[in-house]
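Okay, here's what each chain looks like letter by letter:
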Amino acid sequence: MRKGLTNYGDAEFSLFLRKAFIKGAGYSDDALNRPIVGITNTGSGFNPCHGNAPQLIEAVKRGVMLAGGLPVDFPTISIHESFAHPNSMFLRNLMSMDTEEMIRALPIDSVVLIGGCDKTVPAQLMGAASAGVPAIQLVTGSMLTGSHRGVRVGACTDCRRFWGMYRGEEIDQQEITEVNDQLVASVGTCSVMGTASTMACVTEALGMMLPGGATPPAVTADRIRIAERTGAQAVAMIQAGITPDRILTKKAFENALMVLLAIGGSTNGIVHLAAIAGRCGIRIDMDEVDALGRDIPVLVNLKPSGTHYMEDLHKAGGLAPVLRELRPFLHLDALTVTGRTLGEELDAVAAFAQDVVRPLDKPIYPQGGIAFLRGNLAPEGAIIKQSAASLELMEHEGRVVVFDGLEDLAQRIDDPDLDVNADDILVLKNIGPKGAPGMPEAGYIPIPRKLARAGVKDMVRISDGRMSGTAGGTIILHVTPEAAVGGPLALIESGDRLRLSVRERALDLLVSDEELARRRDALSLPAPREGDGRGYRKLFLDTVTQADNGCDFDFLRSLNEHGSIPQQR
Ligand code: FES
């Protein structure tokens, strides 16, 4: 109760007043003298991915009290992908600041972070890493799968698949309405290896979650039991002094990146890990990650890279079989929230036969799920989820068809007169961190309707934006620097030729340096839009970093004594 007193110039009076107020809620001195565990309540009527938050909070409280602590929940912002305008990434840093400052402001000795939907877990880990109080992550868990006319379906790989069929006129209005009822069969996070599932697995690999905590579905007894144990562990962490800086080391981030590659995880995971690492003074070197990906194949057979869903991964043992296969690569001495190492936790889990996680010598894709590209179009890099791309398009040269932004895309993509062929490359500019703003998940550029009708399922698509982890296709994302700050993407014009070679990790615009210099001289950056000059939006536009630095705000990243980001520690 003494921690972080409100400042009235008299500390004893501040404590007296604080106790008087909280006693108004019926607490006794005995309760108030216990270690206090804060619980972030991110339940919201607009966030069905967190629809089980009340049950989880009740279970966490039970665990805290069984371990002798006092649990107190408090609200923070809740972000759901479909209820976040202009997009959820725009709000992630706001949630991280909210989480950090509430952890600092409240008299809590440790905190249970209840997140789930895509941006919530990275926001909470970023905030907790900066706040420095013992913290443990709990996720809401995945939703159940549904069934449409006898076919198993789940958000959101199947959302995109059915919408593509509807656009291509393979299914009618009645069927698309029917499937809309089945795609999200319960509360919980998306049922495939999208960003939420990716961040859950990656957080367990980081050591910031109880072993086995990533995969229990939202509505299961396993999920409730994990919540109870998480509460108890939050008390133990106070006694053991396990703060985030002891867990979030360079080794832990390398473990997390290896898991990200092996699960065929979301490309968003790279951006979020870079942001969390940045809060710890660690810079993730994308070329090193690419090198890891040449050794570590995709082992988890989940959509969108494979065929199964999260509930299948849970029944197959969760993340443990993945970690077991990765054992030769992992830093097994990395500390976890339990106070034991990743290796010790892994030794404690029994192995059994299953067919969702493949052995290293029989992967579902021979390299890591994500590859990094460079070239004159992306001097600071770009990314492709190669495990969900079309093999025949990974080495491709073609003519580009350029869209200047989301409005231009919406106006022209389905124009019957659009000059586009199946072997062209679609390019979308100005959807980067500053461009849209918030780097929306619009990198999954739809196939032009006239080509979709002709049966075209995939094309090479390039942008400075992101893509949902539930999507697939030959899609190049995070082109850095983005067009809106004058990156080379701003110079590309329809009719140019472009070469993609995933084998060579190359993305090159086949236009002479002289011509590019001429275009640069004539380039004018996008004019400010209405609303750009005030409030959170101004803060965002003034301080957001590029994708390779996690799109965190520059002033929130951890600085060394020289005021710069150290390469590693
Ligand atoms: Fe919340 Fe997919 S929309 S996890």
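Just so you know, these numbers come straight off a predicted model, no measurement behind them. (Residues numbered from 1 in each chain as written. Predicted model: local features only at pLDDT ≥ 70, side-chain atom pairs only at ≥ 80, totals over all residues. Heavy atoms only, no water.)

The next thing to look at is the overall build of the protein. Of the regular secondary structure elements, the protein holds 20 helices and 14 strands. Relative to the compact-globule value of 25 Å for 569 residues, the protein shows a C-alpha radius of gyration of 24 Å, a close match. Expressed along its principal axes, the backbone C-alpha trace of the protein runs to roughly 75 × 55 × 50 Å. Burial analysis of the protein (569 residues in total) assigns 58% to the buried set. Sequence-distant contacts, at least 24 apart, represent 74% of the contacts inside the protein between residues at least 6 apart. Within the structure as shown, the protein displays about 21,800 Å² of accessible surface, and the carbon and sulfur contribution to it stands at 53%. (Helix = DSSP H or I, 4+ residues; strand = E, 2+ residues; numbered from the N terminus. Rg over C-alpha atoms; globule rule 2.2 N^0.38 Å. Buried < 20%, exposed > 50% of the residue type's maximum accessible area, 1.4 Å probe, protein only. Contact = heavy atoms within 4.5 Å. Areas by Shrake-Rupley, 256 points an atom, 1.4 Å probe, with all protein chains shown as cover.)

Judged by how many residues are buried, strand β8 (residues 378-385) sits mostly within the fold: six of eight residues are covered. Pairing of strand β7 (residues 370-375) with β8 involves five bridges; the strand directions are antiparallel. Bridging across to β8, I370 finds its partner in K385. Between the end of β7 and the start of β8, which pair antiparallel, lie two residues. (Pairing = 2+ DSSP bridges.)

So, on to the UniProt feature "domain: Dihydroxy-acid/6-phosphogluconate dehydratase N-terminal" (unreviewed entry) in the protein. As recorded in UniProt, the feature "domain: Dihydroxy-acid/6-phosphogluconate dehydratase N-terminal" (unreviewed entry) lies at residues 34-344. Here residues 34-344 runs as 48% helix and 9% strand, with 30 Å between its end C-alpha atoms. (UniProt positions renumbered as here; feature names shortened; annotations may be inferred.)

Bringing the UniProt feature "domain: Dihydroxy-acid/6-phosphogluconate dehydratase C-terminal" (unreviewed entry) in the protein into the picture now. The positions that UniProt labels "domain: Dihydroxy-acid/6-phosphogluconate dehydratase C-terminal" (unreviewed entry) are, in the present scheme, residues 355-551. Between the end C-alpha atoms of residues 355-551 there is a gap of 37 Å, over a span that is 16% helix and 22% strand.

Here we take up the pattern of salt bridges. Pairs may arise between side chains of opposite charge once their charged atoms sit close together. Counted according to the given criterion, the structure contains 49 salt bridges. Where D548 meets R283, a salt bridge forms, and the shortest distance between an N and an O atom there is 3.6 Å. Here R283 lies in the loop between α12 (268-279) and α13 (286-295) and D548 lies in the segment after α20 (535-543), a separation of 265 residues in the sequence. Among the residues examined, R283 registers a relative accessible area of 26% and is labelled partly exposed. Where E395 meets R503, a salt bridge forms, and the shortest distance between an N and an O atom there is 3.7 Å. With a gap of 108 residues between them, E395 in strand β9 (residues 395-403) and R503 in the loop between β13 (497-501) and β14 (506-509) connect regions that are remote in the sequence. Given a relative accessible area of 32%, E395 falls into the partly exposed group. With relative accessibility at 59%, the residue R503 sits in the exposed group. (Salt bridge = Lys/Arg side-chain N within 4 Å of Asp/Glu carboxyl O.)

Applying the stated criterion to the full structure yields 10 aromatic pairs. Judged by centre distance (5.6 Å) and plane angle (45 degrees), the rings of F46 and F83 are tilted. Separated by 37 residues along the polypeptide, F46 in the loop between β1 (36-41) and α3 (53-66) and F83 in the loop between β2 (70-75) and α4 (88-105) bring together distant segments of the chain. The exposure class assigned to F46 is exposed, which follows from its relative accessible area of 57%. Clustering of aromatic rings is evident, with ring pairs tying together F90, Y536, F540, F553 and F555. The ring of Y444 has R160 sitting right over it, with the charged end atom 5.6 Å from the ring centre. (Phe/Tyr/Trp six-rings, centres within 6.5 Å; stacked < 30°, edge-to-face > 60°. Lys NZ or Arg CZ within 6 Å of the ring centre and 35° of its normal.)

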